[in-house]
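# Survey of secondary and tertiary structure
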Amino acid sequence: MKRVGVLALQGDVGEHVMMLESLDSVVVKVRTIEQLESIDALVLPGGESTTIAHLLVTAGLKDALGEKLRDGFPVFGTCAGLILLSAEILDGRADQWCYGALSVTLRRNGYGRQIASFESPIEVTGVGSVSGVFIRAPRIVAWDNDVEVLATLDPGDGRGEHPVFVRQKNVWGASFHPELAGDPRLHRLFVDSL
Amino acid sequence: MSPSKSPAVTGSALVKRGLADMLRGGVIMDVVNPEQAKIAEDAGAVAVMALERVPADIRRDGGVARMSDPLMIQEIQAAVTIPVMAKARIGHFAEAQILQALDVDYIDESEVLTPADEEYHIDKWAFTVPFVCGATNLGEALRRIGEGACLIRSKGEAGTGNVVEAVRHLRTINAQMRRLHSADKNELFTLAKDLQAPLPLVQEVAQSGKLPVPLFCAGGISTPADASLVLQLGAEAVFVGSGIFKSEDPTRMACAIVEATTHYLDASVVAKVSTGLGSAMKGWETSSLEQRLAERGW
């Protein structure tokens, strides 16, 4: 059985833990280097990306995780987690860093502030319709050819259709929150890929 | 693969509660200007509460405390990328309408401001923007949720720097939830009457053992140890009002409370961030207070 970590510095950690536990994986909440070194894969949860980035530094995890990502470590990021994995951030803080593990450019709050946060069904390749919950979500506005687009969405805000669920080798990212809808199918895709 | 093109639904309970879920494990800081908002964001705050005076100053100055000037809120929105919350007076739905029009991310219908209605709280279901409300006990929490609140914070006693009321309110809410969770289902009708809370919500808490929305803690948290204490008592995140910018070294205090909130179960981390921190805000002994803000709201 694989040991799957959930980065537990801030955010909706509990929801991801519930999803993963329903899939018979051993789930580890990761706050320390020792915990990071004990797992086969990691989920980066939703939350505030600037807060999680700050806490990765203060907890001494930033470089250790970066090294793992360069070695092809399997990760799945949702919303803030996707922001941390991305290659370029538009409309973020001037000094906001990201790992560049996923060759996408995204715009923070690219679907608007909280008042524009929304739910919409999402058609995912090989899975079918899942419930997409977008909370101040980042918008993937550019991506490299080797990024596999598994779902797209046009929310009807006049800014067009963009990827919302992507994969590049071992790195998976969703701009929405599959963990909030109580449906573990996307987590299953990730765990089955390990 | 076909693109998903269904109409997007805004303002649903899941979407409104979802932002509260994203703030879990974080610190929401009161700020009165863009400079403080930047300090809060730099220190790792998950959100800021934009207001004209922190509770300690409201308490000192007296007078009527109202919604902040929209210009100040907009300046803070422009200064940071994290969510910006703002306070409306209890029952003042026109202030709430203005805050929604300003695109704030969360409205706090707050006892820290002077109440505008002594009988009715705001109908929060009528808004797309989510609301947080304070509570001193489970009945009050469930009444607010019944009115549409998507996040509950235990009230504590704002502006005192004294955590005693926050502890009292958290313990009360948790004890009352445990009572419901262990109750026979035939008892719930009378328990709902005693709590003065909507029966369906009482039944939901009895089933799950927890609130249907996240439970955060506010009112009197002023050190990293205070944050660790209330998180260990079951709070999922903390609001820090006067505790940061009334301390000797706000930047360090902000960073320390953020770290203590993440690592609240690791006393060695809380000890490290507490070391040489400078003095916390001076604070008030609550028995000496003339005005108890927690008594506002019903």
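Going by the structure above, here's the rest.
What counts and how
- Residues numbered from 1 in each chain as written.
- Chains lettered and ligands numbered in written order.
- Predicted model: local features only at pLDDT ≥ 70, side-chain atom pairs only at ≥ 80, totals over all residues.
- Heavy atoms only, no water.
- Helix = DSSP H or I, 4+ residues; strand = E, 2+ residues; numbered from the N terminus.
- Contact = heavy atoms within 4.5 Å.
- Areas by Shrake-Rupley, 256 points an atom, 1.4 Å probe, with all protein chains shown as cover.
- Lys, Arg positive; Asp, Glu negative; His and termini not counted.
- Charge placed at Lys NZ, Arg CZ, Asp CG, Glu CD.
- Buried < 20%, exposed > 50% of the residue type's maximum accessible area, 1.4 Å probe, protein only.
- Arc of directions from axis to C-beta.
- Phe/Tyr/Trp six-rings, centres within 6.5 Å; stacked < 30°, edge-to-face > 60°.
- Lys NZ or Arg CZ within 6 Å of the ring centre and 35° of its normal.
- Buried area = accessible area lost by both parts, 1.4 Å probe.
- Salt bridge = Lys/Arg side-chain N within 4 Å of Asp/Glu carboxyl O.
- Polar contact = N/O pair within 3.5 Å; in protein donor to acceptor, adjacent residues only side chain to side chain.
- Nonpolar A, V, L, I, M, F, W, Y, C, P; charged D, E, K, R; others polar.
- Pairing = 2+ DSSP bridges.
- Axes fitted to C-alpha atoms, helices over the stretch in contact; angles between N-to-C directions.
- 1 Å grid on protein atoms, 1.4 Å probe; cavity = no way out; pocket = protein on both sides within 12 Å on 5 of 7 lines; lining within 4 Å.
- Points joined across faces, edges and corners; volume = space filled by probe spheres on them.

Glancing now at the overall build of chain B. Secondary structure summary: chain B contains 13 helices and nine strands in total. On the principal axes, the C-alpha backbone points of chain B span a range of 55 × 50 × 45 Å. In chain B, 66% of the contacts between residues at least 6 apart in sequence involve partners at least 24 apart. When the accessible area of chain B is evaluated, it comes to approximately 11500 Å², of which 51% is carbon and sulfur surface. When the 29 positive and 37 negative side-chain charges of chain B are each reduced to one mean point, those points stand 4 Å apart.

With that settled, the discussion passes to helix 13 (residues 267-274) of chain B. All names here are of chain B. Inspection of helix 13 places Val269, Val270 and Val273 among the buried residues, and these make up the whole buried set. The arc that holds the buried residues of helix 13, viewed along the axis, is 100°, so those residues lie on one side. Set apart from the buried face of helix 13 by more than 90 degrees, the exposed residues are Ala267, Ser268 and Lys272. Note on helix 13: the residue one or two positions beyond its end, Gly276, has a positive phi of about 65°.

Turning our eyes to something else, we now look at the packing of aromatic side chains. Counted under the stated rule, the structure contains 11 aromatic pairs over all chains. Geometrically, the ring pair formed by Phe76 of chain A and Phe165 of chain A is tilted, given 6.1 Å between the ring centres and 55° between the ring planes. On the criterion of sequence distance, the pair formed by Phe76 of chain A in strand 4 (residues 75-78) and Phe165 of chain A in strand 11 (residues 162-168) is long-range, its members being 89 residues apart. Of the two residues examined, Phe76 of chain A and Phe165 of chain A, each falls in the buried class. Ring centres 5.1 Å apart and planes at 70° place the aromatic pair Phe127 of chain B and Phe131 of chain B in the edge-to-face group. Take Phe127 of chain B and Phe131 of chain B: they sit in the same class, and that class is buried. Clustering of aromatic rings is evident, with ring pairs tying together Phe76, Phe165, Trp172 and Phe190 of chain A. For the cation-ring pair, Lys62 of chain A lies above Trp97 of chain A, with the distance from its terminal atom to the ring centre recorded as 4.4 Å. A cation over a ring is seen here: Lys68 of chain A above Phe73 of chain A, with NZ or CZ 4.6 Å from the ring centre.

With that settled, the discussion passes to the interface of chain B and chain A. Residue-level contacts link 45 residues of chain B with 47 residues of chain A. For the pair chain B and chain A, the two sides together bury roughly 3700 Å², of which 55% comes from carbon and sulfur. At the junction of chain B and chain A, the tally comes to five salt bridges. Here Arg136 of chain A makes a salt bridge to Asp105 of chain B, at a shortest N to O gap of 3.1 Å. For the pair chain B and chain A, the number of links is 21 residue pairs in polar contact (both at pLDDT 80 or more). Looking at the side of chain B that touches chain A, the elements with two or more residues in it are strand 1 (9-10), helix 1 (13-22), helix 2 (34-42) and helix 12 (250-262) of chain B. Of the residues assigned to the side of chain B that touches chain A, the class counts are 20 nonpolar, 16 polar and nine charged. Summarising the sheet, strand 7 (residues 118-124) of chain A and strand 1 of chain B pair through two bridges and their orientation is antiparallel. Bridge pairing in strand 1 of chain B links Glu119 of chain A to Val9 of chain B.

Another point: the sheet that holds strand 4 of chain A. Residues and elements named next belong to chain A. As summarised here, the arrangement of the seven strands in space is 2-1-3-4-12-11-10, forming an open sheet in which the pairing is mixed. Lying at the two open borders of the sheet, with one neighbouring strand each, are strand 2 (26-30) and strand 10 (148-153). Pairs of neighbouring strands in the sheet enclose a mean axial angle of 20°, with direction left out of account. Across five bridges, strand 1 (residues 3-7) lies against strand 2 in parallel orientation. Each residue of the ladder has a partner; that of Val6, found in strand 2, is Lys29. The strands that helix 6 (residues 185-192) touches are strand 1, strand 3 (41-44), strand 4, strand 11 and strand 12 (171-174); relative to strand 4, the one it contacts most, it runs at about 160°.

The space that makes up the largest pocket amounts to roughly 1100 Å³. Contributing to the lining of the largest pocket are 38 residues, with Gly14 and Glu15 of chain A together with Arg24, Lys210 and Glu236 of chain B lying nearest its centre. Elements with a minimum of two residues in the lining of the largest pocket: helix 1 (13-21) of chain A together with helix 1, helix 7 (164-181), helix 9 (199-208) and helix 12 of chain B. Here the element with the most residues in the lining of the largest pocket is helix 1 of chain A; it accounts for five residues. For the lining of the largest pocket, the class distribution of residues is 18 nonpolar, 10 polar and 10 charged. For the second largest pocket, the lining is made up of 15 residues, of which Ile58, Arg59, Gly62, Gln291 and Leu293 of chain B are closest to its centre. Grouping the amino acids of the lining of the second largest pocket by side-chain chemistry returns seven nonpolar, five polar and three charged.

This part is about unusual backbone geometry. Positive phi outside glycine occurs at Asp91 of chain A, with the angle close to 60°. Within the element layout of this structure, Asp91 of chain A appears in the loop between strand 5 (88-90) and strand 6 (104-107). For Asp103 of chain B, which is not a glycine, the phi torsion comes out positive at approximately 70°. In this structure, Asp103 of chain B sits in the loop between helix 5 (93-101) and strand 5 (106-110). Owing to a relative accessible area of 26%, Asp103 of chain B belongs among the partly exposed residues under this scheme.

Turning our attention to the sheet that holds strand 6 of chain A. Residue and element names in this part refer to chain A. Spatially, three strands are ordered 5-6-9 in an open sheet, and the strand pairing comes out mixed. Edge positions in the sheet fall to strand 5 and strand 9 (139-143), since each of these pairs with one other strand and no more. In this sheet, neighbouring strand axes are inclined to one another by 25° on average, regardless of whether the strands run parallel or antiparallel. Summarising the sheet, strand 5 and strand 6 pair through three bridges and their orientation is parallel. Counterpart to Glu88 in the pairing with strand 6 is Thr105.

Per the counting criterion, the structure on display carries 33 salt bridges over all chains. In this structure, Arg113 of chain A engages Asp105 of chain B in a salt bridge whose closest nitrogen and oxygen atoms are separated by 2.7 Å. On the criterion of chain membership, the pair formed by Arg113 of chain A in the loop between strand 6 and strand 7 and Asp105 of chain B in the loop between helix 5 and strand 5 is interchain, its members lying in two chains. The pair formed by Arg113 of chain A and Asp105 of chain B is uniform in burial state, with each residue classed as buried. When the shortest N-O distance is used, the salt bridge between Arg53 of chain B and Asp61 of chain B registers 3.5 Å. Accessibility expressed as a relative area gives 23% for Arg53 of chain B, which makes it partly exposed.

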